[in-house]
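Each chain, written out:
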Amino acid sequence: MSDFAQGVKQQADIVKVVEGYIRLRKAGAQNYSGLCPFHNEKTPSFNVNAARQFYYCFGCQASGDVFTFVVKIENVSFREAVRIVAQKCGIPLPKREFSSPEEAAEARLRAKLLELHETAAAWFEEQLQAPEGALAREYLGGRGLSPEGIKKFHIGYAPDSFHALEELLRRMADDATLRASGLFSAKEQGDGTPGPLYDRFRKRVMFPIANESGRVIAFTARTLETGEKAGPKYINSPETALYSKGQVLFNLDKAKSVIRQAGFALLVEGQMDCISVFLRGIQNVIATSGTAFTEQQVAILKRHTSNVVVNFDPDAAGSNAAEKSIALLTEEGFSIKIVTLDGGLDPDRYIRERGVEPYSQAVRGAKWQADYLIERARAAFPGGNADQKVKAMNFLLPHIRRIPEKLARDQFAADAAQKLGIDSAVLREELRQAALRRRDHVEVRTAGLTEVERVLLRALAIVDSEHEGTRRLAAQALLQQPAWFEQLGVFPALRALADRQARDPMDVVEDPAQRALLAKALLGETRPPEESEVASSVQQIQEQGIESRQRELRGLIAEAERRGDFAEVAVLSKQKMDLDRALRDLHRNNHQ
Ligand SMILES: [Zn+2]
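Please read these numbers as outputs of a predicted model, since none were measured by experiment.

I'd like a description of the sheet that holds strand β3 (residues 46-49), backed by residues and values.
Spatially, the five strands line up as an open sheet ordered β1-β2-β3-β4-β5, and their pairing is antiparallel. Two strands bound the open sheet, and with one partner strand each, they are β1 (25-26) and β5 (63-64). In terms of strand pairing, strand β2 (residues 31-34) meets β3 through four bridges, oriented antiparallel. Paired with Asn31 across the strands is Asn49, a residue of β3.

Lay out helix α17 (residues 386-400) in plain terms, naming residues and giving numbers.
If you check α17, its first and last C-alpha atoms are 20 Å apart, about what 15 residues at 1.5 Å a residue would give, namely 21 Å. Within α17, burial applies to Lys389, Val390, Ala392, Met393, Leu396, Leu397, His399 and Ile400. All buried residues of α17 fall inside an arc of 165 degrees around its axis, so they share one side.

Give a detailed account of the pairing of β2, specifying residues and quantitative values.
Where β1 meets β2, two bridges bridge the pair, whose relative direction is antiparallel. Residue pairing across strands places Arg25 opposite Ser33, the latter belonging to β2.

Which residues make up the environment of Arg260, and what values go with them?
Along the chain, Arg260 turns up in helix α10 (residues 252-262). Expressed as a C-alpha distance, the spacing of Arg260 and Thr305, which sit 45 residues apart in the sequence, is 6.5 Å. When neighbours within four sequence positions are excluded, Arg260 is seen to be in contact with Arg23, His304 and Thr305.

Please give an account of unusual backbone geometry that cites residues and values.
Positive phi, close to 50 degrees, is recorded for His154, a residue that is not glycine. With respect to the helices and strands, the residue His154 is situated in the loop between α7 (147-152) and β6 (156-158). In the Ramachandran plot, Asn251 falls in the positive-phi region, its phi being about 80 degrees despite a non-glycine side chain. Mapped onto the fold, Asn251 is located in the loop between β11 (234-236) and α10. The class for Asn251 is buried, based on 24 C-beta atoms found within 10 Å.

Give me the pairing of strand β14 (residues 307-311): which residues, what numbers.
Of all five residues in β14, four are buried; the element is thus mostly enclosed. Where β14 and strand β15 (residues 335-338) come together, four bridges link them in parallel fashion. What sits directly across from Val308, in β15, is Ile336.

Run through the sheet that holds strand β12 (residues 265-268), naming residues and quoting values.
Overall, mixed pairing links the five strands, which are arranged β13-β12-β14-β15-β16 in an open sheet. Each having just a single partner strand, β13 (285-287) and β16 (367-368) make up the two edges of the open sheet. In this sheet, β16 lies alongside β15 in antiparallel orientation, the contact comprising two bridges. Paired with Lys337 across the two strands is Trp368, which belongs to β16. With respect to the sheet, helix α11 (residues 271-279) is in contact with β12 and β13, its orientation differing from that of β13 by roughly 170 degrees.

Pulling in residues and values, what's your account of the packing of helix α16 (residues 369-380) against α17?
In helix packing, the relevant descriptors are the interaxial angle and the interaxial distance, both defined with respect to the helix axes. For the pair α16 and α17, interaxial distance at closest approach is 9 Å and the crossing angle is 150 degrees. Judged by the inter-axis angle, α16 sits roughly antiparallel to α17. For the element pair α16 and α17, the recorded crossing hand is right-handed. Two secondary-structure elements touch here, α16 through Leu373, Ile374, Ala377, Arg378 and Ala380 and α17 through Ala392, Phe395, Leu396 and His399. Residues of the contact of α16 with α17, tallied by class, amount to seven nonpolar, one polar and one charged.

Lay out the environment of Leu183 with the relevant residues and their values.
Examined against the element boundaries, Leu183 turns out to sit in the loop between α9 (175-180) and β7 (184-188). Overall, Leu183 belongs to the buried group, with 25 C-beta atoms counted inside 10 Å. Here the alpha-carbon distance between Leu183 and Phe201, two residues 18 residues apart in the chain, equals 7.3 Å. Other than its neighbours up to four places away in sequence, Leu183 contacts Leu116, Ala120, Leu165 and Arg200.

Break down the nonpolar core for me, with residues and values.
Burial of nonpolar side chains together is a common tendency in soluble globular proteins. Ranked by size, the top nonpolar core spans 71 residues in total, and within it Met206, Cys274, Ile286, Val308, Val309 and Val310 carry the most contacts. Per-domain counts for this core show at least three residues from each of domain 2 (101-243) and domain 3 (247-365). In this structure, Val308 is in contact with Phe264, Ala265, Leu267, Leu329, Phe334 and Ile336, ignoring residues within four places of it in sequence. In this structure, Leu478, Phe485, Leu497 and Val538 belong to the second largest nonpolar core, which totals 25 residues.

What counts, and at which threshold
Residues numbered from 1 in each chain as written. Predicted model: local features only at pLDDT ≥ 70, side-chain atom pairs only at ≥ 80, totals over all residues. Pairing = 2+ DSSP bridges. Helix = DSSP H or I, 4+ residues; strand = E, 2+ residues; numbered from the N terminus. Expected span 1.5 Å × (residues − 1). Buried ≥ 20, exposed ≤ 12 C-beta atoms within 10 Å, placed from the backbone. Arc of directions from axis to C-beta. Contact = placed C-beta atoms within 7 Å. Axes fitted to C-alpha atoms, helices over the stretch in contact; angles between N-to-C directions. Parallel < 35°, antiparallel > 145°, perpendicular 65-115°, else oblique. Left-handed = near helix turned anticlockwise from the far one by under 90°. Nonpolar A, V, L, I, M, F, W, Y, C, P; charged D, E, K, R; others polar. Core = buried A, V, L, I, M, F, W, Y, C linked by C-beta atoms within 7 Å. Domains from an automatic or database assignment.

In structure tokens:
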């Protein structure tokens, strides 16, 4: 360890540094304890000793000093950790040396990109106050933002120019660095090389995105243009050396200490919602920015709290992103409450139209997730007949199965049975068993086909050569990855159809129930499915397949951790990382 690192270590207080990341409670004269950030646990086994300046986890045996803690939690090199700790303690940095040239280059790039973002943010703020920013100021005023609020969040304006920011930043950095900053775009030229740079953000209101230490690392930009020229309403910075979308929680830098005091985080979807709620004094608020939570984001949040109150837009309550976020939080053992605002308003409008006090009341009156879901099930499937009750049960089971603790699942099922008015002992037991075994539906077959099943059956039953390509697409997907399709109720029929060669579709499916389903799909159609429909159905199956395997692995990992079998944890984690990557690639291909 260098003299400098030695000096930093002597001056740093490990308790304070660790507290910057996780909640600690005093557990003895010199001891503090909390939930371990390095493994998943419910009861604290992570200990920090103030006298000897080390940490130790009885759960996963992680241990070390202030630097190894920062290395592990920030995923940085030792030298970078020394620098981070020094900064936290206000110790000035010496001229740095690095262990490898790559590391030095990487650190230089990141430092430069931070500088560029800081300069850009300040410049956008200036532009907002310039005459050209009038429209943007008017827009922000119309959304109820005061000049103080605008200042607090460093909101700015990118003028309608292709080169104004470029000219400014060119004085600070070379072309390669500017390209790496994400602040500019370039058109690909005829020979495939990237063309000259131009400003990515034009005529847009600029919302800076900060990392956990409050430094600007990216922007979200809202258009002021209307009509056909407008382009997307919001655009974001691309992924850069500084910024990875799935690893940032909007406003966490401002909210984290309040989240710890309040004992929960208020989760909203939009950045405007977040800003609006925060500025009116409810400061433990963070935003998902409209996309589904990633595991990294959940892990980051867990360092600060495991209680979440969710206030998503009412019209988006059933939306994929919102539901996936809630699903992931449930799987990771968060306690979740759900706010519903009357009048169908989003948080921003509600707080502006009704005021802070009614909004705080709504947050305090948030319902437990279980109660909220049961109510939704009752509303969606009203009436007292058994069929509706089975449908309501099947609506709930996918949610129940995500809850990690058996006891909580049992409780949820009992509650649901009572509130849904299920008095048949058979149905009650069916629901209870499904909950305990984490099944996602009860076995009372209510027949019918899903849209995906219908598309695949029709594609595989194509007989004319004109649509052969569409048939082959479905058949190949099924033959190459049969495991992904096994979860479908019509899998036996799909399987038989996929290698039917030239035989008639209705002949190759022998099971009568399966044949009935196939007939149902074919009788309802007027034309074969489009190739794009088939492609998106296959992709959906693939995603569901990967997601269900991920869930399974999460369960196995947690179990292996409880047993203390860390070799197994490592093997499983590796498998899970591969799946995470596969899913990301799938999404990327899909959205290009
Ligand atoms: Zn641990």
